[in-house]
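As a plain string of letters, each chain reads:
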Amino acid sequence: MAFPLHLDPDRLFPVDPATRDIARELYKSVADLPIISPHGHVDPQMVLDNQYFSDPAELFLTYDHYVFRLLNAAGVDLHDLGVGKAAPVDPRQAWRIFCRHWPLFDGTASGYWLTHEFVTLFGITEEPCEDNADALFDLINSRIHQDDFLPQRLLERFDIEVLATTDDPLDSLQAHHALAQVDGIHTRIIPTWRPDAYSNARKPQFVQAAAAMAASAGGEADDFAAFMRGLRASRERFIAAGAVSTDHGVSQPLAVELTDEEAGALYRRAVADGLQGADADAFEGAMLMRFAQMAVEDGLVMTVHPGVYRNHCSQAFADFGADTGHDIPVSTEYTRKMQPLLDKFGQEKDFHLVLFTIDETVYSRELAPLAGFYRSVYVGAPWWFIDEPDAIGRWRAAVTGTLGFSRTSGFIDDTRAYLSIPARHDMARRADAAFLARYVREGRLSEPAAMRAIHRLTDTQPRHVFKLG
Amino acid sequence: MAFPLHLDPDRLFPVDPATRDIARELYKSVADLPIISPHGHVDPQMVLDNQYFSDPAELFLTYDHYVFRLLNAAGVDLHDLGVGKAAPVDPRQAWRIFCRHWPLFDGTASGYWLTHEFVTLFGITEEPCEDNADALFDLINSRIHQDDFLPQRLLERFDIEVLATTDDPLDSLQAHHALAQVDGIHTRIIPTWRPDAYSNARKPQFVQAAAAMAASAGGEADDFAAFMRGLRASRERFIAAGAVSTDHGVSQPLAVELTDEEAGALYRRAVADGLQGADADAFEGAMLMRFAQMAVEDGLVMTVHPGVYRNHCSQAFADFGADTGHDIPVSTEYTRKMQPLLDKFGQEKDFHLVLFTIDETVYSRELAPLAGFYRSVYVGAPWWFIDEPDAIGRWRAAVTGTLGFSRTSGFIDDTRAYLSIPARHDMARRADAAFLARYVREGRLSEPAAMRAIHRLTDTQPRHVFKLG
Amino acid sequence: MAFPLHLDPDRLFPVDPATRDIARELYKSVADLPIISPHGHVDPQMVLDNQYFSDPAELFLTYDHYVFRLLNAAGVDLHDLGVGKAAPVDPRQAWRIFCRHWPLFDGTASGYWLTHEFVTLFGITEEPCEDNADALFDLINSRIHQDDFLPQRLLERFDIEVLATTDDPLDSLQAHHALAQVDGIHTRIIPTWRPDAYSNARKPQFVQAAAAMAASAGGEADDFAAFMRGLRASRERFIAAGAVSTDHGVSQPLAVELTDEEAGALYRRAVADGLQGADADAFEGAMLMRFAQMAVEDGLVMTVHPGVYRNHCSQAFADFGADTGHDIPVSTEYTRKMQPLLDKFGQEKDFHLVLFTIDETVYSRELAPLAGFYRSVYVGAPWWFIDEPDAIGRWRAAVTGTLGFSRTSGFIDDTRAYLSIPARHDMARRADAAFLARYVREGRLSEPAAMRAIHRLTDTQPRHVFKLG
């Protein structure tokens with residue numbers, strides 16, 4: 001017999017009854033606010049195409065590395081799930097594998113989000129298991145082929161006011177432009193400028209990317225000035241398409257002060273032979289400084305997502321490609337490495353710099369102290385592996401004593417899993433309500449002040465930090 | 001309409017009712033004990049002068065970098081608050097800025113302390129806001145010009161038994177000597193020997209400081225033996241004035257074993273040209289070893305406050321000077337770096353070495369294991385950015401399993417904010433009561449043992465660790 | 001008057017009544033399951049000899065570095081307790097010292113375990129103190145000289161199904177073979193292969209150990225091939241004696257890819273002169289790679305316990321020897337350092353690699369992400385200084401969002417303190433019940449799923465991870 005699947009209306013609230021009552025009231029006051037998603041990985045072409053989702057396996061498994069990485073750990077062959085570059089598979093077979101392994105997701109963030117989606121979107125009342133796998137497949141499959149499950153319809157149903165995608169600076173943004181012409185889309189779908197391919201010269205693809213960027217401004221590959229002009233021009237193009245921010249997935253949050261001559265010399269070596277080690281670090285750090293300078297000038301919000309060792313498992317990378325579950329965090333340092341950038345731009349009033357981390361040790365030690373002084377700095381909400389209720393609670397507890405509620409970024413869902421967007425934002429609102437309710441009960445915040453705080457955290461803060469007007 | 005400002009008599013206690021009852025009882029038993037403040041930054045001259053505080057802005061804003069740093073982050077110009085070297089401002093205007101920004105302090109340690117002060121000292125019942133700013137200014141201003149708000153009267157009202165200041169080794173200690181002659185002061189006001197200026201040869205001021213120290217013992221600037229004699233003599237002078245401890249704000253807790261010849265050679269280079277990099281580290285580490293040796297000999301308690309990148313923002317340093325809110329922590333290592341010192345002196349019975357940190361990662365990993373073995377080592381209470389209720393709870397939870405209640409330092413307020421001293425000590429007592437109450441309810445401590453523990457933590461432990469008799 | 005000593009039947013359960021009820025039910029369902037102890041330091045010869053324990057001091061103080069290190073910190077001379085190489089002492093005198101210092105253990109893990117043992121095994125109802133020291137000594141002493149306190153009888157009474165010891169690869173395993181012949185022992189007592197002495201070439205003992213290993217395979221000391229053959233053969237011998245795992249107490253979890261020629265060259269230098277610094281790291285890292293290769297081939301589970309600075313206090317080492325309370329953790333890094341090993345073997349289906357840590361910072365940052373992807377990797381339960389209720393709770397909260405309940409190791413007691421084994425396993429079950437109950441009350445896990453999880457964590461997971469069939 002399958003176990004029940006149930007969505008507790010009081011989920012994530014504190015266990016103490018009086019505190020729970022307060023949390024419930026705080027949550028209620030923001031539960032129905034529209035979703036603001038200023039950073040994520042939804043494919044704008046998918047929204048533009050507005051096709052039915054193919055099948056439950058593709059929808060829930062194939063693109064969600066949170067999900068399939070744990071299946072891999074349990075011994076499932078990712079080829080059997082159709083992950084990454086793998087050949088197509090029978091989605092029903094893949095779905096059966098998933099259902100059989102459902103208990104793997106007990107207690108996980110993925111399990112929490114999937115439960116939310118299964119219950120709210122499909123009315124499922126039983127845990128997936130071997131016995132009900134086919135029935136669930138059929139149920140979901142039939143629902144997602146109804147019109148109210150078309151991507152554009154879901155935007156409205158999910159009440160997504162803003163949806164930012166993540167895009168290459170040389171992307172034509174044609175999907176965004178086309179989306180702007182589609183009738184009936186009330187969501188503001190905006191691109192995000194992510195130039196990692198143009199600043200990380202360790203990667204073999206750098207040479208080609210740099211050449212294309214220089215060419216976009218009429219220069220030869222080794223023309224650093226053209227390369228820089230191309231980058232600036234592409235930002236203007238993004239701004240014209242509605243972009244409000246840039247994103248930087250650097251290995252470390254390192255800023256390096258180099259003259260144009262020094263940076264240009266590194267650049268020319270990079271387009272000739274690539275760079276490694278300290279040279280690659282210096283070039284990436286010099287580019288981060290220049291991106292900050294551009295942000296000061298053109299007003300785009302700068303977000304930094306550092307500290308991940310990408311493609312840790314070379315066999316999985318060869319078999320399935322990037323973003324297939326084996327990016328692993330490393331310890332990260334901001335105080336010293338970001339000092340040159342903060343010293344130069346940190347006090348600029350209209351510069352917004354959101355520092356994310358997957359290294360929880362820096363919350364109270366570095367990020368809160370930095371964001372509690374510098375005008376430009378905001379502490380990014382927990383991200384990736386630590387984007388789950390307990391970790392969100394640890395984060396708030398780590399930074400609030402220093403920062404209060406005015407220097408954090410607002411929640412970002414950072415997801416490719418389209419259906420999980422409401423679950424994730426709902427989780428963040430509940431987690432904040434739980435945190436604030438404890439402060440009220442502990443006499444550290446009046447109820448009106450807690451109400452003010454939850455509105456700020458849910459609504460006004462993300463609008464302010466991401467300059468969403 | 002302004003929000004209410006209220007001081008919950010059960011603040012900081014656990015939310016569970018039965019646990020809260022225990023916490024309340026534990027707290028009650030220590031709530032009225034006198035304050036022992038073995039480390040802080042009150043200016044003894046201010047106490048000696050015993051003048052009325054100038055105005056609410058100076059009292060609450062101008063010198064409290066916890067407060068004005070968050071105002072800076074919100075875009076307030078620190079010149080408008082009269083911070084640091086800035087020219088004088090109209091205090092009423094500064095106060096209005098602060099009141100308008102009060103919600104910034106929601107949930108912060110500063111907000112908690114200010115609320116305590118506003119309610120208990122001034123009977124304020126509304127949150128500061130734009131509308132009541134002038135009325136609050138007038139209320140506070142009139143109160144602080146009454147005699148019972150004179151600094152010496154507050155010592156008594158706050159029931160401060162011991163108040164340690166922080167002083168330069170070449171300070172004349174004239175204020176301390178004069179205070180010792182003032183009738184009616186029942187507080188033991190004692191200096192603390194802080195020799196950072198004489199061990200950090202990276203700073204331009206080192207040359208002058210070292211020369212003055214050598215001269216104090218009749219030597220030329222480059223006479224290392226005289227420099228050392230001067231340091232020892234100044235300790236004797238501090239001891240005669242009641243000092244019980246020395247404080248060391250080193251960049252890292254690094255101890256280096258150098259012979260007198262080696263240390264002397266570095267010293268001579270330092271007074272000639274300053275030192276940088278590894279040489280500066282070696283000299284500072286060699287001095288830390290010598291300070292420990294002195295402590296073993298003369299009995300002064302040695303406290304170490306490492307791991308801060310000072311003056312992170314050069315513009316703010318230029319505009320407002322040091323200690324203006326942009327000192328930022330860095331990760332800190334003790335196990336390897338302190339080994340030479342602990343290996344040599346760690347087991348000395350009458351040597352007391354209190355290791356503080358702003359890097360929470362070392363609590364369970366390094367500090368608790370060290371203090372749970374070495375006779376000399378005590379884990380310092382949370383300090384600076386992590387001196388707030390949640391962080392204090394994390395600290396106790398991180399070290400107690402290894403250490404129990406016998407190897408922590410007792411609370412230190414470390415503050416320049418005179419009026420906040422009672423609020424801070426009260427917070428520490430409540431946080432400890434909350435922690436112990438949970439242990440009682442979880443069956444890990446009997447109620448009598450919890451009562452024993454809270455008395456130890458509040459009273460006997462700081463007296464023991466700081467040799468306060 | 002002595003304080004009461006009481007064992008709360010609800011100890012470690014959450015304080016909220018409704019959550020506590022759930023925890024109690026979860027705990028009940030596993031409370032009586034047999035103990036599986038796949039990693040510890042019980043001496044098999046002690047079990048084989050099956051003699052009465054000598055006296056209370058030897059039983060509780062002399063070998064338990066958790067206990068005597070805190071007494072040392074309090075100023076007790078370890079010579080007076082009979083620790084390490086120290087001369088024998090009057091056990092009653094040692095016991096009196098311990099009783100007098102009992103409040104040191106308030107709130108500590110040791111205090112918790114000792115309380116459990118005193119109450120459940122001896123029916124003690126008062127805290128130890130100066131007044132009752134002799135009476136407690138006599139009570140315990142008389143009980144431990146009754147037959148039901150003989151080590152083999154306790155195995156049954158404690159319901160220990162599996163007990164793994166820790167052994168040198170050249171150990172004859174004679175005690176294990178003899179134990180296998182003893183009638184009436186129902187516990188599976190198995191050796192664990194711990195080759196640190198053969199891979200850490202920094203230690204002076206390495207030369208002799210390596211020579212003996214090479215000789216065991218018929219080679220001269222400098223014959224690397226014979227050394228490797230000897231290691232492989234000793235694993236076979238351990239497997240034949242029931243071993244299921246190997247343990248690696250490396251300084252850092254560093255894996256280095258070296259050819260046999262390169263490793264052999266380092267080995268020959270090591271047996272000639274020892275190795276230091278980067279060479280010693282490289283050799284140790286190359287051996288870790290080879291041990292992983294062997295594990296892939298012969299199926300032994302590989303456990304790694306890194307990150308400890310051994311013998312921090314040279315005087316204590318000289319006086320009392322190793323393992324006498326002054327091993328101190330250091331920060332530890334896995335993502336980069338283990339990458340070569342994981343890249344090569346991490347996806348092997350029958351390779352089990354359990355990564356332990358005493359550095360809590362790596363839970364959410366490195367270990368959970370690694371174990372949530374690689375088939376071979378499991379996150380070890382908290383160990384040593386962090387093997388206590390609050391730390392266990394932090395661990396679960398740090399890894400569960402990423403891992404759920406399928407990628408942790410199951411509890412290990414890692415103890416030399418024979419009588420503490422039940423107390424430690426009981427603690428782990430309670431801590432897990434407390435954690436799961438909170439998830440149930442927070443709507444993150446159904447009660448049936450929580451029941452499934454606690455059975456997995458207590459029983460099936462350690463059997464699976466340690467291949468206990």
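For every chain, the first residue of the written sequence is number 1, and numbering continues from 1 along that sequence. Written order determines the labels here, with chains lettered from A and ligands numbered from 1. Local features in a predicted model are, by the rule used here, given only for residues with pLDDT of at least 70; side-chain atom pairs are given and counted only at 80 or more, and totals for whole chains, interfaces and linings are based on all residues. Note that the side-chain values use all heavy atoms of the structure and ignore hydrogens as well as water.

**Overview of the overall build of chain A**
Thought 1: Check the secondary structure of chain A and you find 20 helices and nine strands.
Thought 2: Its C-alpha radius of gyration of 23 Å places chain A within 12% of the 23 Å reference for a compact globule of 469 residues.
Thought 3: Expressed along its principal axes, the backbone C-alpha trace of chain A runs to roughly 70 × 60 × 45 Å.
Thought 4: Within chain A, the fraction of its 469 residues that count as buried is 65%.
Thought 5: Counted over contacts in chain A with a minimum sequence separation of 6, partners at least 24 positions apart contribute 78%.
Thought 6: Accessible surface area values rest on a Shrake-Rupley calculation with a 1.4 Å probe, where residue burial reflects the displayed protein chains alone. Within the structure as shown, chain A displays about 15400 Å² of accessible surface, and the carbon and sulfur contribution to it stands at 50%.
Thought 7: The charge count treats Lys and Arg as positive and Asp and Glu as negative. His and the chain ends do not count. We put the charge of a Lys on NZ, of an Arg on CZ, of an Asp on CG and of a Glu on CD. Placing the 44 positive and 67 negative side-chain charges of chain A at their respective mean positions leaves the two points 6 Å apart. Think of it this way: any DSSP run of H or I at least four residues long counts as a helix, any run of E at least two long counts as a strand, and we number them from the N terminus. For this measure, only C-alpha atoms enter the radius of gyration; the expected value for a globule follows 2.2 Å times N^0.38, where N is the number of residues. Buried residues are those whose accessible area, probed at 1.4 Å on protein chains only, stays under 20% of the maximum for their type, while exposed residues exceed 50% and partly exposed ones sit between those limits. Throughout, a residue-residue contact means that at least one pair of heavy atoms, one from each residue, lies within 4.5 Å.

**Regarding the sheet that holds strand 1 (residues 35-37) of chain C**
Backbone-to-backbone hydrogen bonds pair the strands of a sheet. The strands run either parallel or antiparallel.
Residues and elements named next belong to chain C.
Thought 1: When DSSP locates at least two bridges between a pair of strands, those strands are taken to pair. Ordered in space as 1-2-3, the three strands form an open sheet in which the pairing is parallel. Here the strands that pair on one side only, and so sit at the sheet edges, are strand 1 and strand 3 (188-190). Put simply, the sheet's adjacent strands are angled 5° from each other on average, direction ignored.
Thought 2: In this sheet, strand 2 (residues 160-164) lies alongside strand 1 in parallel orientation, the contact comprising three bridges. Residue pairing across strands places Ile-35 opposite Ile-160, the latter belonging to strand 2. Here, axes are lines fitted to C-alpha atoms. For helices the fit covers the stretch in contact, and angles between N-to-C directions go from 0 to 180 degrees.

**Some thoughts on the packing of aromatic side chains**
Thought 1: Pairing of aromatic side chains here covers Phe, Tyr and the six-membered ring of Trp, requires ring centres within 6.5 Å, and sorts the geometry by plane angle: under 30 degrees stacked, over 60 edge-to-face, intermediate tilted. If you walk through the whole model with that rule in mind, you get 78 aromatic pairs over all chains.
Thought 2: An angle of 75° between the planes, with centres 6.2 Å apart, marks the rings of Phe60(A) and Phe122(A) as edge-to-face. Of the two residues, Phe60(A) sits in helix 3 (residues 56-62) while Phe122(A) sits in helix 6 (residues 109-122), which places them 62 residues apart along the sequence.
Thought 3: Consider the rings of Trp384(C) and Phe385(C), whose centres lie 5.4 Å apart with planes at 10°: the pair is stacked.
Thought 4: By relative accessible area, Trp384(C) is classed as buried at 8%.

**Section: the relation of the copies chain B and chain C**
Thought 1: At an RMSD of 0.0 Å, chain B and chain C line up after a rotation of 120° and a shift of 0.0 Å along the axis. What the superposition gives is, in effect, a three-fold axis relating one chain to the other. Considering only C-alpha atoms, the residue of chain B closest to the rotation axis is Asp16(B), which sits at 3.4 Å.
Thought 2: Interface residue correspondence from chain B to chain C reaches only 5%, placing this contact among heterologous pairings that use different surfaces. Alignment of copies: least-squares fit on C-alpha atoms of residues with pLDDT of at least 70 in both copies.

**Digging into the interface of chain C and chain A**
Put simply, an interface is often sized by how much accessible area is lost when its parts join up.
Thought 1: Contacts between chain C and chain A engage 44 residues on the former and 50 residues on the latter.
Thought 2: By convention, the term buried area covers the 1.4 Å-probe accessible surface removed from two parts as they join, with the contributions of both added. Summed over both sides, the interface between chain C and chain A buries roughly 3800 Å², with carbon and sulfur atoms accounting for 51% of that surface.
Thought 3: Taken as a group, Arg365(C), Phe373(C) and Arg452(C) account for 18% of the area that chain C buries against chain A, more than any other trio of residues on that side.
Thought 4: Just to be clear on terms, a salt bridge is a Lys or Arg side-chain nitrogen sitting within 4 Å of an Asp or Glu carboxyl oxygen. Linking chain C to chain A there are six salt bridges.
Thought 5: Ionic pairing is found between Arg452(C) and Asp106(A), a salt bridge with its closest N-O pair at 3.0 Å.
Thought 6: For the purposes of these results, a polar contact is taken to be a pair of N or O atoms within 3.5 Å, where, inside protein, one atom must be able to donate a hydrogen and its partner to accept one; residues adjacent in sequence count only when each atom of the pair is a side-chain atom. Between chain C and chain A we count 29 residue pairs in polar contact (both at pLDDT 80 or more) in total.
Thought 7: Elements with a minimum of two residues in the side of chain C that touches chain A: helix 16 (339-345), helix 17 (362-371), helix 18 (389-403), helix 19 (421-441) and helix 20 (447-465) of chain C.
Thought 8: Examining the composition of the side of chain C that touches chain A, we find that seven residues originate from one element, helix 17 of chain C, more than from any other.
Thought 9: Residues are grouped as follows: Ala, Val, Leu, Ile, Met, Phe, Trp, Tyr, Cys and Pro are nonpolar; Asp, Glu, Lys and Arg are charged; every other residue, Gly included, is polar. Class assignment for the residues of the side of chain C that touches chain A results in 16 nonpolar, 14 polar and 14 charged.

**Brief notes about the packing of helix 13 (residues 260-273) of chain B against helix 14 (residues 277-298) of chain B**
All names here are of chain B.
Thought 1: Closest axis-to-axis distance for the helix 13/helix 14 pair is 10 Å, and the angle between their directions is 130°. As the angle between them shows, helix 13 and helix 14 are arranged oblique. When you trace helix 13 past helix 14, the crossing you get is left-handed. Contact residues: helix 13 offers Asp-260, Ala-263, Leu-266, Tyr-267 and Arg-269, while helix 14 offers Asp-279, Ala-282, Phe-283, Ala-286 and Arg-290. Note that the term roughly parallel is reserved for angles under 35 degrees, roughly antiparallel for angles over 145, roughly perpendicular for angles of 65 to 115, and oblique for everything else. By definition, turning the near helix anticlockwise from the far helix through less than a right angle yields a left-handed crossing, and turning it clockwise yields a right-handed one.

**Re the pairing of strand 2 (residues 160-164) of chain B**
All names here are of chain B.
Thought 1: In terms of residue burial, strand 2 counts as a mostly covered element, since four of its five residues are buried.
Thought 2: Bridging between strand 2 and strand 3 (residues 188-190) involves three bridges; their strand directions are parallel. By the bridge assignment for strand 3, Ala-164 is matched with Ile-190.
Thought 3: You can see the chain leave strand 2, run along helix 9 (residues 174-181) and come back into strand 3, and the turn it takes is right-handed. Clockwise travel from the first strand over the helix to the second, with the strands pointing away from the viewer, marks a crossover as right-handed.

**Quick look at the pattern of salt bridges**
Thought 1: Inspection of the entire model under this criterion finds 110 salt bridges over all chains.
Thought 2: A salt bridge links Asp359(A) to Arg365(C), with the nearest nitrogen and oxygen atoms 3.1 Å apart. Of this pair, Asp359(A) sits in the loop between strand 8 (353-355) and helix 17 (362-371) while Arg365(C) sits in helix 17, which puts the two residues in different chains. Of the two residues, Asp359(A) and Arg365(C), both sit in the buried class.
Thought 3: Put simply, Glu442(B) and Arg444(B) hold a salt bridge, and the shortest N to O gap is 2.8 Å.

**Focus on the environment of Ala109(C)**
Thought 1: Looking at where Ala109(C) falls in the secondary structure, it is placed in helix 6 (residues 109-122).
Thought 2: Accessibility expressed as a relative area gives 6% for Ala109(C), which makes it buried.
Thought 3: Apart from the residues within four sequence positions on either side, Ala109(C) is in contact with Gly401(B), Asp387(C) and Glu388(C).

**Notes on the packing of helix 1 (residues 17-31) of chain C against helix 19 of chain C**
In a pair of packed helices, the angle between the axes and the distance between the axes together describe the arrangement.
Residues and elements named next belong to chain C.
Thought 1: Two numbers describe how helix 1 lies on helix 19: the axes approach to 8 Å, and their chain directions differ by 135°. The orientation of helix 1 relative to helix 19 falls into the category oblique. Between helix 1 and helix 19 lies a crossing whose hand is right-handed. Each of Ala-18, Thr-19, Ile-22, Ala-23, Leu-26, Tyr-27, Val-30 and Ala-31 in helix 1 lies in contact with helix 19, whose residues at this interface are Asp-426, Arg-429, Arg-430, Ala-433, Ala-434, Leu-436, Ala-437, Arg-438, Val-440 and Arg-441.
Thought 2: Among the residues forming the contact of helix 1 with helix 19, the class breakdown is twelve nonpolar, one polar and five charged.

**Some thoughts on the side chain of Asp459(A)**
All names here are of chain A.
Thought 1: With respect to the helices and strands, the residue Asp-459 is situated in helix 20 (residues 447-465).
Thought 2: By relative accessible area, which is 16% here, Asp-459 ends up buried.
Thought 3: Looking at Asp-459, its side chain comes within polar contact range of the side chain of Arg-463, at 3.1 Å.
Thought 4: Every residue in contact with Asp-459, bar those within four places of it in the chain, is listed here: Leu-33 and Ile-36.

**Section: helix 12 (residues 224-240) of chain A**
Residue and element names in this part refer to chain A.
Thought 1: Over its 17 residues, helix 12 runs 24 Å from end to end, which matches the ideal 24 Å to within 8%, given 1.5 Å per residue.
Thought 2: Among the residues of helix 12, those classed as buried are Phe-224, Ala-226, Phe-227, Met-228, Gly-230, Leu-231, Ser-234, Arg-235 and Phe-238.
Thought 3: Looking at the buried side of helix 12, the elements it contacts are helix 10 (196-199), helix 11 (205-216), strand 4 (245-248), helix 13 (260-273) and helix 14 (277-298).
Thought 4: Taking the backbone nitrogen of Ala-225 as reference, a side-chain oxygen 3.1 Å away marks Asp-223 as the first, capping residue of helix 12. For a helix, the expected span equals 1.5 Å multiplied by the number of residues minus one.

**A look at the environment of Pro204(C)**
All names here are of chain C.
Thought 1: Examined against the element boundaries, Pro-204 turns out to sit in the loop between helix 10 (196-199) and helix 11 (206-216).
Thought 2: Taking the relative accessible area as the measure of exposure, Pro-204 reaches 71% and is therefore exposed.
Thought 3: Between the C-alpha atom of Pro-204 and that of Val-271, which follows or precedes it by 67 residues, the distance is 9.8 Å.

**Brief notes about unusual backbone geometry**
Residues and elements named next belong to chain A.
Thought 1: Residue Asp-323 is not a glycine yet carries a positive backbone phi of 55°.
Thought 2: By the secondary structure assignment, Asp-323 is in the loop between helix 15 (314-320) and strand 7 (328-329).
Thought 3: Overall, Asp-323 belongs to the partly exposed group, its relative accessible area being 33%.

**A short note on helix 11 of chain C**
Side chains three or four residues apart in an α-helix point the same way, a direct result of the helix having 3.6 residues per turn.
All names here are of chain C.
Thought 1: Of all the residues in helix 11, the buried ones are Phe-206, Ala-209, Ala-210, Met-213 and Ala-214. The buried residues of helix 11 occupy an angular sector of 130° when the element is viewed end-on, so they sit on one face.
Thought 2: Along its buried surface, helix 11 packs onto helix 10, helix 12 (224-240), helix 13 (260-273) and helix 14 (277-298).
Thought 3: Following helix 11 by one or two positions, Gly-218 has its phi on the positive side, about 80°. The arc in question is the one spanned by the directions pointing from the helix axis to the C-beta atoms.

**Some remarks on the interface of chain B and chain C**
Thought 1: Taken together, the 44 residues of chain B in the interface contact 50 residues of chain C.
Thought 2: Roughly 3800 Å² is buried in total at the junction of chain B and chain C, and carbon and sulfur atoms are behind 51% of that figure.
Thought 3: Of all residues in chain B, Arg365(B), Phe373(B) and Arg452(B) give up the largest surface area on contact with chain C, accounting jointly for 19% of the area buried on that side.
Thought 4: In this structure, the connection of chain B to chain C is made through six salt bridges.
Thought 5: Arg438(B) is the salt-bridge partner of Asp390(C), the closest N and O atoms lying 2.7 Å from each other.
Thought 6: Summed over the shared surface of chain B and chain C, the result is 28 residue pairs in polar contact (both at pLDDT 80 or more).
Thought 7: Elements supplying a minimum of two residues to the side of chain B that touches chain C: helix 16 (339-345), helix 17 (362-371), helix 18 (389-403), helix 19 (421-441) and helix 20 (447-465) of chain B.

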